[in-house]
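Read off the chains here:
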Amino acid sequence: MRRELRDEEGALIALEVEPVSADDRAEADDAGLRLTREILQLRVSLPLAIPPNAPVVTTRPFVPGVDDEALLEVNNRAFAWHPDQSDWSVDDLQARVAEDWFDPEGFRVHEHEGRIVGFCWTKVHPPTDVDPALGEIFVIGVDPDHHGRGLGRALVVDGLAHLAGRGLRTGMLHVEHDNTAARRLYRSLGFTEHSAHCWWRADDTSRS
Ligand SMILES: CC(C)(COP(=O)(O)OP(=O)(O)OC[C@H]1O[C@@H](n2cnc3c(N)ncnc32)[C@H](O)[C@@H]1OP(=O)(O)O)[C@@H](O)C(=O)NCCC(=O)NCCS
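Residues numbered from 1 in each chain as written. Predicted model: local features only at pLDDT ≥ 70, side-chain atom pairs only at ≥ 80, totals over all residues.

Visitor: Please give an account of the domain arrangement of the protein chain that cites residues and values.
Guide: Segmentation of the protein chain into domains returns domain 1 (2-39 + 198-207) and domain 2 (47-168). A separation of 33 Å is found between the C-alpha centroids of domain 1 and domain 2. (Domains from an automatic or database assignment.)

And the structure:
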């Protein structure tokens, strides 16, 4: 996918590409464009090789219509900074729950003292001409009050174990390139970069 915007003289002033090649990066650089957003697609082989004593977490399936508000509270607190995932409403959540691929068993939530404090929502993509079947970590979030206690790692491991149990051999997810905490977590679990989706724009917005 490639979208571009040019000014009246034909100069490139905005570019969006997925998947990005080295030539795309060079072209944006030559045009003096600034990278404004980069989303990485990471992949990992399943099942994960995890140490036998790795911490585990208790999860249960999400219950649509019952867990909506509690889930949204965690989501919106965890993703307050995120361009697409913040400020979700019940309608936003229900629209995804209504999609064909939705499977409550693959939407794992973790409770602490009777309250949802973290979740890992997975999505299965059937194989295509270019890709094997992919088990995606669609959204993972931990309430900020519970960050840094190993919950995020345990939830990703739990979600990937669910996908491996469904027969998936490749795990996949998308992450903003500047999401340092998440990228460090994924790297430590063996995820590697598969492709990137980038947006560039001229700094002088009066040209666009
Ligand atoms: C990413 C997220 C799920 C991690 O949850 P968490 O419970 O805080 O993470 P954990 O305590 O399990 O830490 C796991 C690893 O993440 C990394 N990590 C976590 N917080 C970090 C931070 N503030 N800075 C750098 N690395 C960090 C570390 O590698 C850590 O492993 P270590 O403790 O062995 O060093 C959580 O920060 C979150 O919900 N963020 C907002 C939502 C989000 O970004 N989701 C991912 C979208 S792709």
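Visitor: Kindly report on the site of the ligand, identifying the contributing residues and their values.
Guide: Every one of the 21 residues lining the ligand counts as a neighbour, but His 147, Gly 152, Arg 153, Ala 181 and Leu 185 are closest to it. Of all the secondary structure elements, the ones that give two or more residues to the shell around the ligand are strand E7 (134-142), helix H4 (151-165), strand E8 (170-176) and helix H5 (180-188). No other element matches H5, which puts 6 residues into the shell around the ligand. (Near = placed C-beta within 6 Å. Helix = DSSP H or I, 4+ residues; strand = E, 2+ residues; numbered from the N terminus.)

Visitor: Explain the sheet that holds strand E4 (residues 60-61) to me, and be specific about the residues and the numbers.
Guide: Strands sit in the order E1-E2-E9-E3-E8-E7-E6-E5-E4 across an open sheet of 9 strands; the sheet is mixed. Of all strands in the sheet, those with a lone pairing partner are strand E1 (2-6) and E4, marking the two edges. Alignment of strand E3 (residues 34-45) against strand E9 (residues 192-201), held across 9 bridges, turns out to be antiparallel. By the bridge assignment for E9, Leu 42 is matched with Glu 193. (Pairing = 2+ DSSP bridges.)

Visitor: I'd love a proper account of the pairing of strand E5 (residues 107-112), names of residues and values included.
Guide: Sheet analysis places E4 next to E5, joined by 2 bridges and oriented antiparallel. Bridge pairing in E5 places Pro 61 opposite Arg 108. For E5 and strand E6 (residues 115-125), the ladder comprises 6 bridges, and the chain directions are antiparallel. Bridge assignment links Phe 107 to a residue of E6, and that residue is Trp 121. In this structure, the hairpin formed by E5 and E6 is closed by a connection of 2 residues, where Glu 113 is found at a positive phi of approximately 50 degrees.

Visitor: Lay out helix H2 (residues 68-78) with the relevant residues and their values.
Guide: If you check which residues of H2 are buried, you get Leu 71, Val 74, Asn 75 and Ala 78. Looking straight down H2, one finds that the buried residues subtend no more than 100 degrees of arc, so they occupy a single side. For H2, the secondary structure elements touched by its buried residues are helix H3 (90-97), E5, E6 and E7. (Buried ≥ 20, exposed ≤ 12 C-beta atoms within 10 Å, placed from the backbone. Arc of directions from axis to C-beta. Contact = placed C-beta atoms within 7 Å.)

Visitor: Any details on the nonpolar core? Residues and values, ideally.
Guide: The tendency in soluble globular proteins is for nonpolar side chains to be buried as a group. In terms of nonpolar packing, the biggest core is built from 32 residues, with Leu 42, Phe 119 and Cys 120 touching the most fellow members. Of all elements in the fold, only E3, H2, E5, E6, E7, H4 and E8 reach the threshold of two or more residues within this core. Counting residues per element, this core draws most heavily on E7, which supplies 6 residues. Excluding residues within four positions of it along the chain, Cys 120 makes contact with Arg 108, Ile 137, Ile 140, Leu 155, Val 156, Asp 158 and Gly 159. Counting 9 residues, the second largest nonpolar core, distinct from the first, contains Ala 14, Ala 28, Cys 198 and Trp 200. (Core = buried A, V, L, I, M, F, W, Y, C linked by C-beta atoms within 7 Å.)

Visitor: Describe in detail the pairing of strand E2 (residues 12-17), supporting the description with residues and values.
Guide: Here E1 runs beside E2; their pairing, made up of 5 bridges, is antiparallel. In the strand pairing of E2, Arg 6 is matched with Leu 12. Here E1 hands over to E2 after 5 residues, with Gly 10 in that stretch at a positive phi of 90 degrees. Sheet topology note: the E2/E9 ladder contains 4 bridges and is antiparallel. Paired with Glu 16 across the bridge in E9 is Trp 199.

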